[in-house]
Amino acid sequence: MFLWGETMYKFAHISDCHIGANRDPVLKNLEFTAFSKALDVCVREKVDFILITGDLFHANIPDMEMANEAVKKMKEVTDKGIPIYVIYGSHDYSPNQTSMVDILDSAGLIKKIVKGKIVDGKLKLEFTVDPKTGAKLVGISARKAGLEKNYFEILDRESLEKEQGFKIFAFHSAILELKPEFLAEMEAVPVSLLPRGFDYYAGGHIHQHCETSLPNYPRIVYPGALFAGYPRDFEQSANGVSRGFLIIHFDDKVKAVNLHEVHVCDYLYYEYDASNKNSVQARKELLEELSQIDAQGKVVVVKVKGELSGGRASDISAHEIRNILTENGAIHVIVNRYGLTSKEYTALKVMGDDVATIESRLIKENIGAVHVTNEELKGEKGVKLALEILKVLRQGQKLNESKKDYMERIQKAAIEVLGLGEVFR
Ligand SMILES: [Mn+2]
């Protein structure tokens, strides 16, 4: 019975689960535990439906062992009558290949809420109505390299704005006006390209929880990553960024947005600045300090940075750091030495906190030296394409995949990245 003052309905907003991102057995286990815990809370809290705003999986064809575990867990939830709605993220979408999300949608386990077609150059989207609550869901999935911006630009916003009822807009993009500083190089969509006046804007892609409102856009919410898809996520978690998801209470309006923390392990962050020391001094000091640390049961992130006055950066061995901390009880150690250089060896001038940043800066700094006539290959566009092609080329051969099939798949993917033949889905 509905009592006065009691909220009628609830939905959960989860994002960026990145199932299959972690290969290390300990992290794999934590990754699944986070997903499992979140869904258990949804069941316990009796949410009416769950909305996952992209990057449910880390790849369009994810690690099958992890996917299987995740599917079993989702089946448990849907068997209790709780539907799961999804959009693609930048990871679980592929322009030319079927994604695990498509398979689960076809099987009826989850439901994609991106439905629409392009009519006379305008993107017309259709709402998905949740049968129990009457909530109306619609969204735009991510594309590679932030290309979903093109879809936002041709979106028929007016018809979406006119629709009556409780409306949720799901997206997997950074919003220009809210983009955190550390994501300066990320593509973003200006908020004005989103339809106005929705009750809730369910965001994915930003890996840190963030809630805000802008004029005409009352509630823009990112749950952040549920666990971790990148080393940077671990670094943030170790620096105190909490992980979790949201439960939204609503009837004809949002009544409350509650954050549910999902805690699966303790973290420890340790930063060491090696500036003005030679590699022998720095190594000795760092290892001594680390040997004093109580790392029992923790995931430890060690960041070594600065410019050594002499010796090689490689004298500070990640292997040694890991061994010491593992001996001190750490369940997993992540070492980031990308910010460590040496005065003696200055060949590497490009700096950054992680591989992705360094790659992107290297390409940016050098693209001018490449002489091509095609505009698409120059400047910003060229950088984006190069990074996307790198991503494709980095994919390994799958078990049971012949060399020939592998070559064909990579070629096809690379051609698709060049922007030939994508359809809206
Ligand atoms: Mn993500």
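For clarity, every value in this text was computed on a predicted model and none was experimentally measured.

Quick notes on the rules
- Residues numbered from 1 in each chain as written.
- Predicted model: local features only at pLDDT ≥ 70, side-chain atom pairs only at ≥ 80, totals over all residues.
- Heavy atoms only, no water.
- Donors = N, O, S within 2.8 Å, 3.2 Å for Na, K, Ca; no water.
- Helix = DSSP H or I, 4+ residues; strand = E, 2+ residues; numbered from the N terminus.
- Pairing = 2+ DSSP bridges.
- Phe/Tyr/Trp six-rings, centres within 6.5 Å; stacked < 30°, edge-to-face > 60°.
- Buried < 20%, exposed > 50% of the residue type's maximum accessible area, 1.4 Å probe, protein only.
- Lys NZ or Arg CZ within 6 Å of the ring centre and 35° of its normal.
- Domains from an automatic or database assignment.
- Salt bridge = Lys/Arg side-chain N within 4 Å of Asp/Glu carboxyl O.
- Core = buried A, V, L, I, M, F, W, Y, C linked by side-chain atoms within 4.5 Å.
- Contact = heavy atoms within 4.5 Å.
- Axes fitted to C-alpha atoms, helices over the stretch in contact; angles between N-to-C directions.
- Parallel < 35°, antiparallel > 145°, perpendicular 65-115°, else oblique.
- Left-handed = near helix turned anticlockwise from the far one by under 90°.
- Nonpolar A, V, L, I, M, F, W, Y, C, P; charged D, E, K, R; others polar.

Looking at the coordination of the manganese ion
At step 1: The coordination sphere of the manganese ion, as far as protein atoms go, consists of D16 (OD), H18 (NE2), D55 (OD) and H207 (NE2), spread over 2.0 to 2.3 Å.
At step 2: Linear spacing of the donor residues for the manganese ion on their chain is D-x1-H-x36-D-x151-H. Residue H18 is located in the loop between β1 (9–14) and α1 (25–44), and its partner D55 is located in the loop between β2 (49–53) and α2 (64–78); the two are separated by 37 residues in the primary sequence.

Side note on the sheet that holds β1
At step 1: Read across the open sheet, the six strands follow the order β4-β3-β2-β1-β15-β16; overall the sheet is mixed. Strands at the two margins of the open sheet, each flanked by one partner only, are β4 (111–112) and β16 (254–261).
At step 2: Of the pairings in the sheet, the one linking β1 to β2 comprises four bridges and is parallel in character. If you follow A12 over to β2, its bridge partner there is I50.

Considering the packing of aromatic side chains
At step 1: One pass over the full model with this rule turns up 17 aromatic pairs.
At step 2: A centroid spacing of 5.0 Å and a plane angle of 5° characterise the contact between F11 and F49, whose relative ring orientation is stacked. Taken together, the residues F11 in strand β1 and F49 in strand β2 connect sequence positions 38 residues apart.
At step 3: According to the relative accessible area criterion, F11 is buried, its value standing at 0%.
At step 4: For F49, a relative accessible area of 0% translates into the label buried.
At step 5: Their ring planes at 85° and their centres at 5.8 Å tell us that F169 and F198 sit as a pair that is edge-to-face. Of the two residues, F169 is situated in strand β9 (residues 167–172) and F198 in the loop between β11 (188–189) and β12 (200–204); the sequence distance between them amounts to 29 residues.
At step 6: A relative accessible area of 0% places F169 in the buried class.
At step 7: Here F198 falls in the buried class, since its relative accessible area comes to 1%.
At step 8: Taken together, the aromatic side chains of F127, F152, F169, F171, F198, Y201, Y217 and Y222 make up a single cluster linked through ring pairs.
At step 9: Taking NZ or CZ as reference, K167 lies 4.6 Å from the ring centre of F198, over its face.

Concerning the domain arrangement of the protein chain
At step 1: Domains assigned within the protein chain are domain 1 (9–261), domain 2 (266–348) and domain 3 (350–425).
At step 2: For domain 2 and domain 3, the distance between their C-alpha centroids amounts to 32 Å.

Comments concerning the sheet that holds strand β7 (residues 128–129)
At step 1: Judged by pairing direction, the sheet is mixed, and its six strands sit side by side in the order β7-β8-β9-β12-β14-β13 without closing on themselves. The open sheet has two free edges, formed respectively by β7 and β13 (210–214), since each of these has just one partner strand.
At step 2: Across two bridges, the pairing between β7 and strand β8 (residues 136–140) is antiparallel. Note on β8: the bridge partner recorded for V129 is K136.

Quick word on the pattern of salt bridges
At step 1: Per the stated rule, a full pass over the model turns up 24 salt bridges.
At step 2: Among the salt bridges present, the one from E65 reaches K28, with a minimum N-O distance of 3.2 Å. A residue pair is termed long-range when its members are at least 10 positions apart, and E65 in helix α2 and K28 in helix α1 qualify at 37 residues.
At step 3: Looking at K28, the relative accessible area reads 16%, which means it is buried.
At step 4: The partner of K136 in a salt bridge is E163, with the nearest N and O atoms 2.9 Å apart. Highlighted residues: K136 in strand β8 and E163 in the loop between α5 (157–162) and β9, separated in sequence by 27 residues.
At step 5: We classify K136 as buried; its relative accessible area is 16%.
At step 6: Here the salt bridges do not stand alone but share partners, grouping K28, D63 and E65 into one network.

Concerning the nonpolar core
At step 1: Among the nonpolar cores identified, the biggest contains 47 residues, and I14, F35, I50, F57, M74 and F227 are the most heavily contacted of them.
At step 2: Formed jointly, this core draws a minimum of three residues from each of two domains, domain 1 (9–261) and domain 2 (266–348).
At step 3: Residues contacting F227, with those up to four places away along its chain left out, are N22, L27, L30, E31, A34, D233, F234, S237, R243, V264, C265 and Y267.
At step 4: Within the second largest apolar cluster, 25 residues are counted, among which are L123, V138, L160 and I220.

Notes on the packing of helix α7 (residues 279–291) against helix α8 (residues 318–327)
For any two helices packed against each other, the geometry is given by the interaxial angle and the distance between the axes.
At step 1: Two elements in contact, α7 and α8, have axes whose closest approach is 9 Å; the angle formed by their N-to-C orientations is 20°. Put simply, α7 runs roughly parallel to α8. For α7 against α8, the interelement crossing comes out right-handed. On α8, the residues touching R283, L286, L287, L290 and S291 of α7 are E320, I321, I324 and L325.
At step 2: In the contact of α7 with α8, the residues fall into six nonpolar, one polar and two charged.

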